[in-house]
Amino acid sequence: MAHRCTLCLGLASATPAPLKKTPQVLWGDDMKSMRMMAVAAAAFCAAGAAQAQEPLKIGMITTLSGPGGYLGQDIRDAFQLAIDMQGGKLGGVPVQVLVEDDGLKPGQGKQISEKFMKTDKVKLLTGIVFSNVALAVVPDVLEEGGIYVSPNAGPSTLAGKECHANYYVVSWQNDSLHESAGSNANNLGYKKAFILAPNYPAGKDALEGFKRTFKGDVIGEVFTKLDQNDFAAEIAQIRAAKPDFIFQFHPGGAGIAFLRQYQQAGLLEQIPMVVPSPSMDAVTLKAIGEAAVGVNVSAQWNSDFDNAANKAFVDAWMKKYNRPITYYASQGFDTALAIGAALKQTGGKVDDAKAFRTAMLKADFASVRGNFKFGNNQHPVQDWYSMKVVKGADGAPIIKTNGKISSNTGDFYAKDCKL
Amino acid sequence: MTLILEQLLNGLQLGVMLFLLAAGLTLVFGIMGVINLAHGSLYMVGAYAAAFAAKLTGSFLLAIPAGLAAAALTGMAVEYLVIRHLYARDHLDQVLATFGLILFFNQTIILLFGRQPLFVQIPPALSGAVDLGLFPYPAYRLCIIAAGLLSAGALFLLIQRTRLGMLVRAGATHREMVQALGVDIRLLSTIVFGLGALLAGFAGLMAGPLLSVQVGMGEQILILTFVVVVIGGLGSVAGAFWSALLVGLVDTSLRAFLPQILRGMMAGSEADALASGISAMGVYLLMALVLLIKPKGLFPGHA
């Protein structure tokens, strides 16, 4: 023990953070200095040993399989990249990320979160991509006193009345994606919209969100079937309706099929398309290729953002992974930075959720998207940007940022949150 | 008016795709009495083989024989290894075994190609839209319609005018008699199964550049294919043809025109929701209606 203690002392002196947490000294004045030293040494020893041998565990539940598997993969890899760039630490605190695949199944996500919290004693969780999984997992995590930081899913039900002190969203509230697309259409000067989304809750939310900010007329509104992948009938309707533009939200393979068929029908040159970022990321762009040139996208981040944090991030990503970099990656990276900034202030402690919250809400980190702060419902208040798919220097299409759509934008549900 | 014509073409295109799948399904049922749930998997195999070949060689022309060969060979192998042992069994066993095949094929594809969808570029010559005078229409879809109708014609000639076709027809109605006359009915079965698989593979490889090639794509279209076969009459290729066109047109028209019609009668968002609900059910209602009036389908095959 003595031997280990000296070793610890050496280690602990290198990390000054635990010094502030020296226990209260309750002995008499005469012995004070000596005992204080002993207690401090013991405290150092405990803290140092814990840090050297057991890094803080962060539980990551994410979707790594299925057509949406690349979303979780990018979040996981960017989160790890942030840790690697800080030398295996976040905010000076050694961390260990436990990663499990939820397979886009809410039940599976729930099992993993129970395992993380009960068996692995994890207090801090993150990673979920899809809202249906988040809605199954997050309330349980919060109920059991855990902290959840979302790198992607931001369902409306958890943003308003049901907001929670230990629930943070670093990405966006879901509706913001579609609201920003509506504002984007306003800015582009479009008046007559034809809008389409699949007939399921997220599809309906997409159209509602779009209509909330779009100021022109919606001359056609179509709900497609969720498993539909041939859109010839809808495309003919669009041609006949002659709108100024269309807004469509079809996640996954269906969205790619829609875009290709729209381009094949010769409509992309005639009737422009406005989409939210999940319909057009670097991976889908690579799959679609030139067919996507001319599509208008709105997002909170893009790989061409000209700020130091983003440049370092994009360079490191390309160096380590050398594959297209997506919004999801940027969100995973920012999530790690946000957690790191909080850990730095709490000295790596997550047991005191209140202290962690105070630290977290300061959002004291350089986000790769530029401006970032938390709103009253602990969802982001951030800027949205207008982008367009154009041909890059080497002929391959890229997503180019054109300008801001809105600044310091919070979300629609924040007003219902009483935090 | 032009919109109606365009939607009719869309319906026709869906119809011929469904026919290519339904023809194989109905032949196999008509001649061997086997319900093959794994027919959609052969469609998927054709699509994947073509996508893979297109990626490897960069040529869509080379992808066509690759897709056809892969589907036909897989079909014949499935017949030889699995289906052959099920002829004497009842339909429940067949359904169970062929359902197992679906799982087998899906997992195999995941192992080989992963879960990410594959994308096939349209051959450059067919990538644009053709101006039909009244409206432009995608050249590739026109090409699908032409190829589908040609295949239907060729299949008709094969079945009605050739010796093989005669055996197929005879095998469907008088299986024992054909066997007694010295025809190798087992070989005939393998050939017919391979032919059905070939057609499914053809549909799959044509669908590739239009839709995304992904695991489970066969099951999506299989249900609609069964509706076609039931409406057309089990075992009847002509029935499959007319019923495929009917289902294609009805499905497309409901999706295309019902929202407008309903919007004339009620509030916009309610009309849209109701229309998408009804059009999703449309072909199944059609099937129920046909079965009420003609319980054996529009063109019943053999007794």
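Residues numbered from 1 in each chain as written. Chains lettered and ligands numbered in written order. Predicted model: local features only at pLDDT ≥ 70, side-chain atom pairs only at ≥ 80, totals over all residues. Heavy atoms only, no water.

J.: Would you mind showing me how to read the overall build of chain A here?
T.: Within chain A, the regular secondary structure consists of 13 helices and 14 strands. Burial analysis of chain A (419 residues in total) assigns 56% to the buried set. For chain A, the exposed area adds up to about 17100 Å²; of that, 55% sits on carbon and sulfur atoms. (Helix = DSSP H or I, 4+ residues; strand = E, 2+ residues; numbered from the N terminus. Buried < 20%, exposed > 50% of the residue type's maximum accessible area, 1.4 Å probe, protein only. Areas by Shrake-Rupley, 256 points an atom, 1.4 Å probe, with all protein chains shown as cover.)

J.: Can you help me understand the interface of chain B and chain A in this one?
T.: Often, the extent of an interface is quoted as the loss of accessible area upon association of its parts. Chain B puts 35 residues into the contact, and the matching count from chain A is 31 residues. Of the roughly 2800 Å² buried at the junction of chain B and chain A (both faces included), carbon and sulfur atoms supply 47%. Remark: the boundary between chain B and chain A carries 4 salt bridges. Between B:Arg141 and A:Asp230 there is a salt bridge; the shortest N-O distance is 3.0 Å. The tally of links from chain B across to chain A stands at 15 residue pairs in polar contact (both at pLDDT 80 or more). Counting only elements with at least two residues in the side of chain B that touches chain A, the list comes to helix H1 (2-32), strand S2 (136-138), helix H10 (237-263) and helix H11 (268-293) of chain B. By residue number, the principal contributor to the side of chain B that touches chain A is H10(B), which donates 7 residues. Residue composition of the side of chain B that touches chain A, grouped by class: 14 nonpolar, 14 polar and 7 charged. (Contact = heavy atoms within 4.5 Å. Buried area = accessible area lost by both parts, 1.4 Å probe. Salt bridge = Lys/Arg side-chain N within 4 Å of Asp/Glu carboxyl O. Polar contact = N/O pair within 3.5 Å; in protein donor to acceptor, adjacent residues only side chain to side chain. Nonpolar A, V, L, I, M, F, W, Y, C, P; charged D, E, K, R; others polar.)

J.: Even after reading the chapter, I still don't get empty space enclosed by the protein, so can you show me in this structure?
T.: The gaps left among the atoms become clear once a water-sized probe is rolled over them. According to the stated counting rule, one finds 5 cavities of 30 Å³ or more in the structure shown. Volume-wise, the largest cavity comes out at about 110 Å³. Its residues assigned to classes, the lining of the largest cavity comprises 4 nonpolar, 4 polar and 5 charged. Each pocket or cavity is described by its volume, and for the second largest cavity that value is around 70 Å³. As for the second largest cavity, its lining consists of A:Ala232, A:Ile235, A:Ala236, A:Arg239, A:Gln261, A:Ala265, B:Glu6, B:Asn10, B:Tyr137, B:Pro138 and B:Arg141. (1 Å grid on protein atoms, 1.4 Å probe; cavity = no way out; pocket = protein on both sides within 12 Å on 5 of 7 lines; lining within 4 Å. Points joined across faces, edges and corners; volume = space filled by probe spheres on them.)

J.: Please explain the sheet that holds strand S6 (residues 167-169) of chain A as it appears in this structure.
T.: In a beta sheet, neighbouring strands are held together by backbone hydrogen bonds and run either parallel or antiparallel to one another. Residue and element names in this part refer to chain A. As summarised here, the arrangement of the 6 strands in space is S2-S3-S1-S4-S5-S6, forming an open sheet in which the pairing is mixed. Strands with a single pairing partner mark the edges of an open sheet, and in this sheet they are strand S2 (89-90) and S6. Looking at chain direction, strand S1 (residues 56-62) and strand S4 (residues 124-126) are connected through 3 bridges and run parallel. Each residue of the ladder has a partner; that of Met60, found in S4, is Thr126. (Pairing = 2+ DSSP bridges.)

J.: What am I meant to see in the packing of aromatic side chains here?
T.: The description of two aromatic rings rests on the distance between their centres and on the angle between their planes. Evaluation of the coordinates by the stated rule reveals 27 aromatic pairs over all chains. Measuring from centroid to centroid gives 6.1 Å for A:Phe210 and A:Phe245, while their planes differ by 50°, and the two rings are tilted. With A:Phe210 in helix H7 (residues 201-213) and A:Phe245 in strand S9 (residues 245-248), the pair connects residues that are 35 residues apart, well separated along the chain. Grouping residues by exposure puts A:Phe210 and A:Phe245 together as buried. Ring centres of B:Phe104 and B:Phe105 lie 5.5 Å apart, and the angle between their planes is 70°; on these two criteria the pair is classed as edge-to-face. The structure contains a cluster of three or more aromatic residues connected by ring pairs, namely A:Trp301, A:Phe313, A:Trp317, A:Tyr321, A:Tyr327 and A:Phe333. Above the face of the A:Phe223 ring, A:Lys204 is positioned so that its terminal group lies 6.0 Å from the ring centre. The positively charged end of A:Lys415 is found above the aromatic ring belonging to A:Phe412, 4.3 Å away from the centroid. (Phe/Tyr/Trp six-rings, centres within 6.5 Å; stacked < 30°, edge-to-face > 60°. Lys NZ or Arg CZ within 6 Å of the ring centre and 35° of its normal.)

J.: It is not clear to me how the domain arrangement of chain A should be interpreted in this structure. Could you clarify?
T.: Residues and elements named next belong to chain A. Its domain assignment divides chain A into domain 1 (2-53), domain 2 (56-172 + 305-378) and domain 3 (176-299). For domain 2 versus domain 3, the separation of C-alpha centres amounts to 29 Å. Each side of the interface is counted separately: domain 2 has 7 residues, and domain 3 has 12 residues. In total, about 810 Å² of surface goes out of reach between domain 2 and domain 3, with carbon and sulfur atoms giving 70% of it. Linking domain 2 to domain 3 there are 0 salt bridges. Taken together, the connections running from domain 2 to domain 3 amount to 2 residue pairs in polar contact (both at pLDDT 80 or more). The class makeup of the residues in the side of domain 2 that touches domain 3 is 6 nonpolar, 1 polar and no charged. (Domains from an automatic or database assignment.)

J.: Sorry if this is basic, but what is going on with the packing of helix H2 (residues 39-57) of chain B against helix H9 (residues 217-232) of chain B here?
T.: When two helices pack together, their arrangement is given by the angle between the helix axes and by the axis-to-axis distance. Residue and element names in this part refer to chain B. Where H2 contacts H9, the two axes come as close as 8 Å, and the packing angle between them is 135°. In terms of their interaxial angle, H2 and H9 are classed as oblique. Considering the relative orientation of H2 and H9, their crossing is right-handed. Here His39, Gly40, Ser41, Tyr43, Met44 and Ala47 of H2 lie close against H9, whose contacting residues are Met217, Gly218, Glu219, Ile221 and Leu222. (Axes fitted to C-alpha atoms, helices over the stretch in contact; angles between N-to-C directions. Parallel < 35°, antiparallel > 145°, perpendicular 65-115°, else oblique. Left-handed = near helix turned anticlockwise from the far one by under 90°.)

J.: Help me out: how do you make sense of the nonpolar core in this one?
T.: General note: in soluble globular proteins, nonpolar side chains tend to be found buried as a group. Ranked by internal contacts, the top residues of the largest apolar core, which has 82 residues, are A:Tyr262, A:Met280 and A:Phe313. The element contributing the most residues to this core is helix H12 (residues 327-346) of chain A, with 11 residues. Structurally, this core is a two-domain feature, drawing no fewer than three residues from each of domain 2 (56-172 + 305-378) and domain 3 (176-299) of chain A. If sequence neighbours within four positions are ignored, A:Tyr262 has contacts with A:Ile235, A:Ile238, A:Ile246, A:Leu267, A:Leu268, A:Ile271, A:Pro272 and A:Met273. Counting residues in hydrophobic clusters, the runner-up holds 80 residues, among them B:Leu20, B:Val45, B:Val168 and B:Val290. (Core = buried A, V, L, I, M, F, W, Y, C linked by side-chain atoms within 4.5 Å.)

J.: Got a minute to help me understand H9(B) in this structure?
T.: Two residues of an α-helix separated by three or four positions point the same way, owing to the 3.6 residues in each turn. Residue and element names in this part refer to chain B. The end-to-end C-alpha distance of H9, which contains 16 residues, comes to 23 Å, matching closely the 22 Å that a straight helix rising 1.5 Å per residue would cover. For H9, the principal kink sits at Ile223 and spans about 25°. Restricting attention to buried positions, one finds in H9 the residues Met217, Gly218, Ile221, Leu222, Leu224, Thr225, Val227, Val228, Val229, Ile231 and Gly232. Here the buried face of H9 lies against H1, H2, H10 and H11. Phi turns positive one or two residues past the end of H9, at Gly233, with a value near 105°. (Expected span 1.5 Å × (residues − 1). Bend = angle between axes of the 7 residues up to and from the residue.)

J.: I'm lost on the pattern of salt bridges in this one. Help?
T.: Any two side chains of opposite charge can pair, given that their charged atoms come close. Residues and elements named next belong to chain A. Considering all chains together, one arrives at 23 salt bridges over all chains under this definition. Of the charged contacts in the structure, one is a salt bridge between Asp334 and Arg369, with a shortest N-O distance of 2.9 Å. Of this pair, Asp334 sits in helix H12 while Arg369 is found in the loop between helix H13 (353-361) and strand S12 (372-374), placing the two residues 35 residues apart along the sequence. Both residues of the pair, Asp334 and Arg369, count as buried.

J.: Teacher, can you tell me more about a nonpolar patch on the surface here?
T.: Taken together, B:Met1, B:Ile4, B:Leu5, B:Leu8 and B:Leu134 make up a surface patch of nonpolar side chains, about 490 Å² in accessible area. As for its placement among the helices and strands, B:Leu8 is situated in helix H1. (Patch = residues over 30% accessible without salt bridge, like charges linked within 9 Å, V, L, I, M, F, W, Y side chains within 5 Å.)

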